[in-house]
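The residues making up each chain are set out below.
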Amino acid sequence: MDDLAPQEAAVLAIIRDNPFAGQQEIASQLGLARSTVAAHIVQLMQKGYILGRGYLMPAETRAVCIGGAVLDRKYRAKADLVFETSNPVDGIRSMGGVARNVAENLALLGTTTSFVSIVGDDEGGHALLKYMRDRGIDISQMVTTTERPTAEYAAILDTKGDLVLGIADMGIFDLLLPTHFERIWPHLAAASWVFCDTNVPAETLAALIAKRQGARFKLAIDAVSTPKAARLPKDLSGIDLLFMNIDEANAVLHRKAHETIDDAKEAALALQAAGAREAVVTMGPRGIAVAGIEGVRTFNAVRATPVDITGAGDAMIAGTLHRILNGEDIYTAARTGALLGTLTIESTASVHTELSERFLEANMHRLAG
């Protein structure tokens, strides 16, 4: 609580002892004017120590995920794809979006999680909100709009489950502007970690990164795709943890090398040099590079029997953040994240249907393989 002035700390101590204490009662105990106490309470909300009316205290560890909430359509070919004609497929409909997938993974692992995004006032949007609520995720800060429909993504997969073509209607996220985060700032400020994907506009990313520098929470960002990675500012200062695959990292850094794990290692170091405190650069089956405060390390990929790669990167992020929230360093946490990514690849779902902390622990032996 180094960021609290003495009077703020004194007000917070009284509230912790008695969350129902009124402002005049607090003022009398401290010998302050009621207006002074009111000003201190506003500051405590802005700094994330209390959550507003009733002086609700935030959970000890809590993650907020911001970004994509998408209706996914996946179509896997039954035979080799032939272009410019009809192809027989097996279709699956599910909930998707990078930040949404990360939030669901975190919640299933037992992390207290909030989700902030925007959906249409339509059947898909209502279904998505219900789905998240049923999984115990706080959706109180979600936005519903009539201006655009809920985002949709369709993936065409080959017979092996590899992506051949992806198409996306993501225009609704252009409406997720910085003004919304100003309104919900106490909710964000009270988090341990905030995760954001680059589905949000560049101005929203910039505002969040700027606000992070005066907040207590730590900020993680995922690049999502090569085109969307361009929404990141050139100066990555204010980002505590940055997730990218090698192609996204090369696009941001204007590099070309992408053949070996050493290329990922160099990219992770370059992202640190650009301002990110820590960075994880993935190379699929070739492994991951993790640049932390103790230098950069590389790790082999966890062997997998692929079924569907969709959601693997999101699971990797969630597994990493979950372990960091439980006190592990970035290197150990990223290894667990890589394992969760592998487990997701071996599932037909974007979020593994059996996922739990116990399920993850039961598979930890695979890290030694």
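One can find the structure itself at the top, above this paragraph.
Residues numbered from 1 in each chain as written. Predicted model: local features only at pLDDT ≥ 70, side-chain atom pairs only at ≥ 80, totals over all residues. Heavy atoms only, no water.

**Quick word on the overall build of the chain**
Next, step 1: If you tally the helices and strands in the chain, you get 14 helices and 14 strands.
Next, step 2: A compact globule built from 369 residues should have a C-alpha radius of gyration of about 21 Å, and the chain, at 22 Å, falls within 12% of that.
Next, step 3: Across its three principal axes, the chain shows a C-alpha extent of roughly 80 × 50 × 40 Å.
Next, step 4: In the chain, which comprises 369 residues, the share counted as buried stands at 50%.
Next, step 5: Accessible surface, the chain as shown: approximately 16,800 Å² in total, 51% of it carbon and sulfur.
Next, step 6: For the chain, the distance from the average position of its 35 positive side-chain charges to the average position of its 44 negative side-chain charges is 2 Å. (Helix = DSSP H or I, 4+ residues; strand = E, 2+ residues; numbered from the N terminus. Rg over C-alpha atoms; globule rule 2.2 N^0.38 Å. Buried < 20%, exposed > 50% of the residue type's maximum accessible area, 1.4 Å probe, protein only. Areas by Shrake-Rupley, 256 points an atom, 1.4 Å probe, with all protein chains shown as cover. Lys, Arg positive; Asp, Glu negative; His and termini not counted. Charge placed at Lys NZ, Arg CZ, Asp CG, Glu CD.)

**So, the packing of aromatic side chains**
Next, step 1: In total, this model carries one aromatic pair according to the counting rule given.
Next, step 2: The cationic tip of Lys211 hangs over the ring face of Trp185; the distance from NZ or CZ to the ring centre is 4.3 Å. (Phe/Tyr/Trp six-rings, centres within 6.5 Å; stacked < 30°, edge-to-face > 60°. Lys NZ or Arg CZ within 6 Å of the ring centre and 35° of its normal.)

**A short note on the sheet that holds strand β8 (residues 163-169)**
Next, step 1: Strand order across the open sheet formed by four strands is β3-β2-β7-β8, with mixed pairing between neighbours. Looking along the sheet, the strands with just one partner apiece sit at the ends: β3 (89-96) and β8. This sheet shows a mean twist of 15° between the axes of neighbouring strands, independent of strand direction.
Next, step 2: Pairing of strand β7 (residues 151-157) with β8, which is carried by six bridges, proceeds in the antiparallel orientation. Along β8, the bridge assignment pairs Glu152 with Asp169. (Pairing = 2+ DSSP bridges. Axes fitted to C-alpha atoms, helices over the stretch in contact; angles between N-to-C directions.)

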